[in-house]
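What the coordinates show
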Amino acid sequence: MCLGIIGKNSNRFTVQFFLFICFIVMATNVVVSMKPQDFRTCAQTSFCRRNRAYADKATSSSFISPYNVVKDTINIENGIISGELINTDNKVSFIFEIHLLINNIARIKINEKYPLKPRYDGAKYWSLIQEPLNTLEYTENPSTGKDGVTSLSFGVDRNHKVIIHHTPFHVELLVNDEPVIIFNNRGFFNFEHLRKKDDPANQPEELTIQSEINAEQEEGLWEETFNGKLDSKPNGPESIGLDISFPGFSHVYGIPEHASTLSLKETRGGDGAYNEPYRLYNLDVFEFDLDSPAALYGSIPFLLAHRKGASTAILWLNAAETWIDIVKSKDDKGFLSFGKSTPTSTHTHWFSESGIIDVFAFLGPTTSDIFKQYGLLTGFTALPQSFAIGYHQCRWNYLNQDDVAEVDEGFDKYDIPYDVIWLDIEHTDDKRYFTWDKVKFSEPEKMQRDIGRKGRNMVVIVDPHVKRDDNYYIYKEAKDLDILTKDKDGKIFEGWCWPGSSVWIDWTNPKAQEWFAKKFAFDQYKGSTEFLFIWNDMNEPSIFSGPEITMPKDLLHYEGWEHRDLHNLFGMTFHAATSQGLINRTSPNHRPFVLSRSFFPGSQRFGAIWTGDIAANWDHLAASSPMLLTIGISGLPFSGADVGGFFGNPEPELLVRWYQTGAFQPFFRAHAHIDTKRREPWLFGEPYTGYIRNAIRQRYILLPFWYTLFQEASTNGMPIIRPMFVVFPDNEETFAMEDQYFVGNSLLVKPITSQGQTTTEIYFAGNDLYYDYYTFKKVQGSGKLKMDILMNKIPVFLRGGSIIPRRQRFRRSSSAMYSDPFTLLVALNKKGEAAGTLYLDDGKTYEYLKGHYIHRNFNFTSGKFISTSFNNEQVQDNENNYIKSNDDVRIERIIVLGVDKSPKKIIGYYNDLIDDKKELKFSLGGINDIKGIVSTSIGIGVEEISKDIIIIRDPKLLISRDWTIEFVN
């Protein structure tokens, strides 16, 4: 549109200026909604059309897949089964490898045997923390039958089996003799080998299988145009496709990022099916449509299948544009029988534009096993600094230093805690990142230290585009180092973004990674301090002048790879360099905080992400839960959605409900567009300010619980917020449930996502006891219950059997709570038992990796409440620097829920001083005690509070010691 109305005789300056203004207007006018015409559909994408056409042909009864195992080529050595495949239609040869890995993982790789040139296989260097180890636990001599089937058992118990069918080629993975994953069962495997354009014999297979070549499918083989922008496609057609079936699994999850349902929908027929495949292609999509398989900002090609008694998953490790079709059927061809009835099975079809086939299969058998298996492969989420899980205040943009100071003072005036204030692009000198507007932010270090004295921090934005300006040191240095992304002719690529004419650093170049990390040193980033952290936006990358508002696919990166090969990991490489820069800037190193909009497998190692440019409406609030749950179970648990919505002006009720929901999501940040009205929490007046204050305070009360969950995620990959099916894996009622979820395994949260809502239905799974988190009243788990709701809170319930740590003194920031005493909330189950953990460290450095932390295990059973150490033996307690500096942090209160009668007495003692027992003071349902604990923090009336609780005040026990409390009847 912009280019079409510029006159032929316009000079270069006029053209550049007009284009800049035009693209900025286009970018800011999308507040109304996204423009679907800016983004390609499958029908407008040649390799998607071809692979769908191939699948359509393959479903006919007469079709037989042309890919066969070449006779006598199967070999097994050091845990790798290898062999040769041939496409019998065109005689092209391929090599396949099946790696039997430790930790119940298998890997399938397929590549051309004699490619014209190497195919991209570099995603593994960015996504995997190391080359995974093969297992040696397998049967030494695989059996190959006369029917051309090779089978081999593997794993410690030999309860896993791989079966390779030779003609046609397909692979089954079995657990306990039941198939869980089948590759190419439907014959969709399609590998477009590299070829020369002028060789008519090398026509793509998906065209030759048709009696008449469709001109539409032939189009786009060697060049492709969308919205007037040409993709030169110098390598021609090079896509790969494979069907992956999950027999007996009717629910599959994952493949973020999409504004879709938690349990993924079908895409080629079926109830409520989409007409398009799910697309993975990182894009800048303004105010995106909901209930859609369209691509968004990030891509994690991870898919989890779950059924009662079993879970399995795959990772399609490919960074090129990828589409996934999903269908479900009761056709049990090739599958084992599950009981008397034929189960529903899910069939997926994956196709990527380039690269090789490299698929990891995670064999579980539980979801928690899979989360750990994925983390061992791609890395666990980085444990953040403790301030990062507090509340963040952001908008585009705070105007100047005075504005920042006034907002900061506003939180103190209205007694609302917060930890971070953010600055968007307007803080810079004319969109030159690493600089400050000298008028608006003339004393950036003073500004940061002023908030730092209160225990708070600041985040500023650093985007990947670099203003093309010879007087800008970042541009000049990058140009001199020759680390800028090139166009197809080898010249520096120039595009348009916020600064106008811009270039992009090639983050895949190791020299660029090393150079950019140094830019965050305090002597390089003038005006930065230890209180300053970073926000990476626009890193899909977003390019206003580019096709689909992103980078052209035929641009060239390090070692000559095309952008099409690595598009989806490009943003992560920027995220990685930024994160490393923040680590390196201090000695000893401090943990970084870097928020990214784009992501890929491995992003969890570098920081948090958020769901992008959402709208201030009820539907986007509701959509945030399934989106964040999906991202969390896909290995990236530190995520959130803009509280209040980025676009538009939320009415007070919507804003309150969003704060109440955001307080129970991992990343808790309010953010708003530059054109929206100001919406700091106190601007709406009472009662709304009070409601928001209470929601934020609840986040801070639970910070010890949240930090413990983050530590758990950093060691075993468990999501921080969890879908119902993860907590109740055998309850089929929960398998598609997405409007409520758990924080950890303890807190059941039900967001309120409709205007004027006064009642809601909550599903209480199993036959467990639950307790209203605010009033402590018991609820017997027995399916759906309808409940009244009020504006002052959303429904949150504590699951019986849980123990959660809290800090209940109201402070201005999380760092001010550092030495505060603890309250332990014990919710007994029907057996009178409960368990929980608490993890603490300095919240800032990497000393915890050396063993300097406190990790407690709490267990209440048979009337005894026991605290023991979970610390490993890296250091002894008397050498543990964190314990030594926090040896006076005490427990000020223990609340035990579900006790029907008062014990005669309660005694407490340290386990190493068992002869020094002390009788503890307690009350049973003490109204005055309960008022101080509950009503002042959330505005609950005394009449609402449950009475069947025991409160032990000041048991004179330290959090770092082993101790026991006994209830004597």
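Calculation criteria
- Residues numbered from 1 in each chain as written.
- Predicted model: local features only at pLDDT ≥ 70, side-chain atom pairs only at ≥ 80, totals over all residues.
- Heavy atoms only, no water.
- Helix = DSSP H or I, 4+ residues; strand = E, 2+ residues; numbered from the N terminus.
- Rg over C-alpha atoms; globule rule 2.2 N^0.38 Å.
- Buried < 20%, exposed > 50% of the residue type's maximum accessible area, 1.4 Å probe, protein only.
- Contact = heavy atoms within 4.5 Å.
- Areas by Shrake-Rupley, 256 points an atom, 1.4 Å probe, with all protein chains shown as cover.
- Lys, Arg positive; Asp, Glu negative; His and termini not counted.
- Charge placed at Lys NZ, Arg CZ, Asp CG, Glu CD.
- Pairing = 2+ DSSP bridges.
- UniProt positions renumbered as here; feature names shortened; annotations may be inferred.
- Domains from an automatic or database assignment.
- Buried area = accessible area lost by both parts, 1.4 Å probe.
- Salt bridge = Lys/Arg side-chain N within 4 Å of Asp/Glu carboxyl O.
- Polar contact = N/O pair within 3.5 Å; in protein donor to acceptor, adjacent residues only side chain to side chain.
- Core = buried A, V, L, I, M, F, W, Y, C linked by side-chain atoms within 4.5 Å.
- Right-handed = clockwise from strand over helix to strand, strands pointing away.
- Disulfide = S-S within 2.5 Å.
- Phe/Tyr/Trp six-rings, centres within 6.5 Å; stacked < 30°, edge-to-face > 60°.
- Lys NZ or Arg CZ within 6 Å of the ring centre and 35° of its normal.

**Some words on the overall build of the protein chain**
- Within the protein chain one finds 18 helices and 51 strands.
- For the protein chain, the C-alpha radius of gyration of 29 Å lies close to 30 Å, the compact-globule estimate for 969 residues.
- For the protein chain, the spread of C-alpha atoms along the principal axes amounts to about 90 × 75 × 55 Å.
- Out of the 969 residues belonging to the protein chain, those deemed buried represent 64%.
- When contacts within the protein chain are restricted to residue pairs at least 6 apart in sequence, those whose partners lie at least 24 apart make up 71%.
- Only carbon and sulfur atoms are counted for the fraction: they give 49% of the accessible area of the protein chain, which is about 35200 Å².
- The protein chain carries 104 positive and 123 negative side-chain charges, and their two centres are separated by 4 Å.

**Some details on the sheet that holds strand β34 (residues 741–743)**
- Spatially, β33-β34-β35-β40-β37-β38 is the arrangement adopted by the 6 strands of the open sheet, whose pairing is antiparallel. Single-partner strands in this sheet number two, and they are β33 (721–722) and β38 (778–780).
- In this sheet, strand β40 (residues 796–799) lies alongside strand β37 (residues 769–772) in antiparallel orientation, the contact comprising 3 bridges. Residue pairing in the sheet places Tyr770 in a bridge with Arg799 of β40.

**Description of the UniProt feature "domain: Glycoside hydrolase family 31 TIM barrel" (unreviewed entry) in the protein chain**
- UniProt records the feature "domain: Glycoside hydrolase family 31 TIM barrel" (unreviewed entry) for residues 382–709 in the present numbering.
- The span residues 382–709 carries 34% helix and 12% strand; its end-to-end C-alpha distance comes to 12 Å.

**A few points about the domain arrangement of the protein chain**
- For the protein chain, the assigned domains read domain 1 (44–193 + 230–331 + 341–378) and domain 2 (420–610).
- Taken over C-alpha atoms, the centre of domain 1 sits 34 Å from the centre of domain 2.
- Tallying the contact residues gives 37 residues for domain 1 and 32 residues for domain 2.
- With both sides pooled, the region where domain 1 packs onto domain 2 buries about 3000 Å², and carbon together with sulfur makes up 54% of that total.
- Of all residues in domain 1, Tyr120, Trp126 and Asp284 bury the most surface against domain 2, accounting for 25% of the area lost on that side.
- Counting every contact that joins domain 1 to domain 2 gives 6 salt bridges.

**Some words on the environment of Asp642**
- Take Asp642: it is sitting in the loop between β31 (639–640) and α13 (652–662).
- As for Asp642 and Gly744, which are separated by 102 residues in sequence, their C-alpha atoms are 22 Å apart.
- The residues touching Asp642, leaving out its near neighbours within four places in the chain, are Trp610, Gly612, Ile614, Trp658, Arg669 and His671.
- In terms of polar contacts, Asp642 uses its side chain to reach the side chain of Arg669, at 2.9 Å.

**Description of the nonpolar core**
- Phe593 and Phe664 are the most contacted members of the largest nonpolar core, which totals 206 residues.
- Here this core gets 8 residues from one element, more than from any other, and that element is helix α11 (residues 563–584).
- Counting residues domain by domain, this core receives three or more from each of domain 1 (44–193 + 230–331 + 341–378) and domain 2 (420–610).
- Contact partners of Phe593, with chain neighbours within four places excluded, come to Phe387, Ala388, His392, Trp422, Val459, Phe533, Ile534, Leu582, Ala608, Phe638 and Phe667.
- Core analysis: the next-biggest nonpolar cluster, separate from the first, contains 55 residues, Phe94, Phe169, Phe183 and Val359 among them.

**Examining the pairing of strand β23 (residues 420–423)**
- Burial of the side chains of β23 extends over both faces: Val420 and Trp422 are buried on one face and Ile421 and Leu423 on the other.
- As paired strands, strand β22 (residues 391–393) and β23 are joined by 2 bridges and run parallel to one another. Across the sheet, the residue bridging to Gln393 is Ile421, located in β23.
- Following the backbone out of β22, through helix α7 (residues 401–413) and into the adjacent parallel β23, one traces a crossover that is right-handed.
- In terms of strand pairing, β23 meets strand β24 (residues 457–461) through 4 bridges, oriented parallel. Each bridged residue has a counterpart across the sheet, and for Val420 the counterpart in β24 is Asn457.
- Regarding the hand of the β-α-β motif, the stretch spanning β23, helix α8 (residues 444–452) and β24 is right-handed.

**Topic: the environment of Lys109**
- By the element assignment, Lys109 lies in strand β5 (residues 105–112).
- What makes Lys109 buried here is its relative accessible area of 14%.
- Beyond its immediate chain neighbours, meaning those up to four positions away, Lys109 contacts Ile95, Phe96, Glu97, His99, Asp121, Lys124, Ile356, Ile357 and Asp358.

**Side note on the side chain of Thr630**
- Inspection of the secondary structure assignment puts Thr630 in helix α12 (residues 618–633).
- Looking at Thr630, the relative accessible area reads 7%, which means it is buried.
- Of the polar contacts made by the side chain of Thr630, one reaches the backbone oxygen of Pro626; its length is 2.8 Å.
- Every residue in contact with Thr630, bar those within four places of it in the chain, is listed here: Gly254, Pro256, Thr261 and Leu262.

**Digging into the state of the cysteines**
- Applying the stated criterion to the full structure yields 1 disulfide.
- You can see Cys394 has no disulfide; the closest cysteine sulfur is in Cys497, sitting 17 Å from it.
- By relative accessible area, which is 2% here, Cys394 ends up buried.

**Points about the pattern of salt bridges**
- Summed over the entire model, instances satisfying the criterion amount to 69 salt bridges.
- Among the ionic pairs, Asp403 bridges to Arg678, the shortest N-O distance being 3.0 Å. Remark: Arg678 occurs in the loop between β32 (668–670) and α14 (688–701) and Asp403 occurs in helix α7; sequence separation between them is 275 residues.
- Owing to a relative accessible area of 8%, Asp403 belongs among the buried residues under this scheme.
- Note that Glu530 and Arg449 form a salt bridge whose closest N and O atoms lie 3.5 Å from each other. Of this pair, Glu530 sits in the loop between α10 (510–518) and β28 (532–536) while Arg449 is found in helix α8, placing the two residues 81 residues apart along the sequence.
- Salt bridges linked by common partners bring Arg40, Asp231, Arg279, Glu321, Glu353, Glu548, Lys553, Glu562 and Arg564 together as one network.

**Concerning the packing of aromatic side chains**
- The final tally for this structure, using the stated rule, is 60 aromatic pairs.
- Measuring from centroid to centroid gives 4.9 Å for Trp498 and Phe544, while their planes differ by 80°, and the two rings are edge-to-face. Of the two residues, Trp498 is situated in the loop between β26 (495–497) and β27 (500–504) and Phe544 in the loop between β28 and α11; the sequence distance between them amounts to 46 residues. The two residues Trp498 and Phe544 agree in class, both being buried.
- In this structure an aromatic cluster arises from ring pairing among Phe387, Trp422, Phe533, Trp535, Phe593, Trp610, Phe638, Phe667 and Phe710.
- The ring of Phe249 has Arg307 lying over it, and the distance from NZ or CZ to the ring centre is 4.2 Å.

**Examining the sheet that holds strand β29 (residues 594–596)**
- Read from one edge of the open sheet, 8 strands run β31-β30-β29-β28-β24-β23-β22-β32, paired in parallel fashion. The sheet is open, and its two borders are formed by β31 and β32, each paired with just one other strand.
- Relative to β29, β28 is paired through 3 bridges, and the arrangement is parallel. By the bridge assignment, Asn536 is partnered in β29 with Ser596.

**Things to note about unusual backbone geometry**
- Residues Trp396 and Asn397 are joined by a peptide bond in cis, for which omega reads 5°.
- Take Asn397: it is sitting in the loop between β22 and α7.
- The omega torsion of the bond from Glu540 to Pro541 falls at 10°, within 30 degrees of zero and hence cis.
- Among the secondary structure elements, Pro541 is positioned in the loop between β28 and α11.
- With phi around 55°, Asn176 is a residue other than glycine that occupies positive phi space.
- One non-glycine residue, Lys431, lies in positive phi territory at about 65°.
- With respect to the helices and strands, Lys431 occurs in the loop between β23 and α8.

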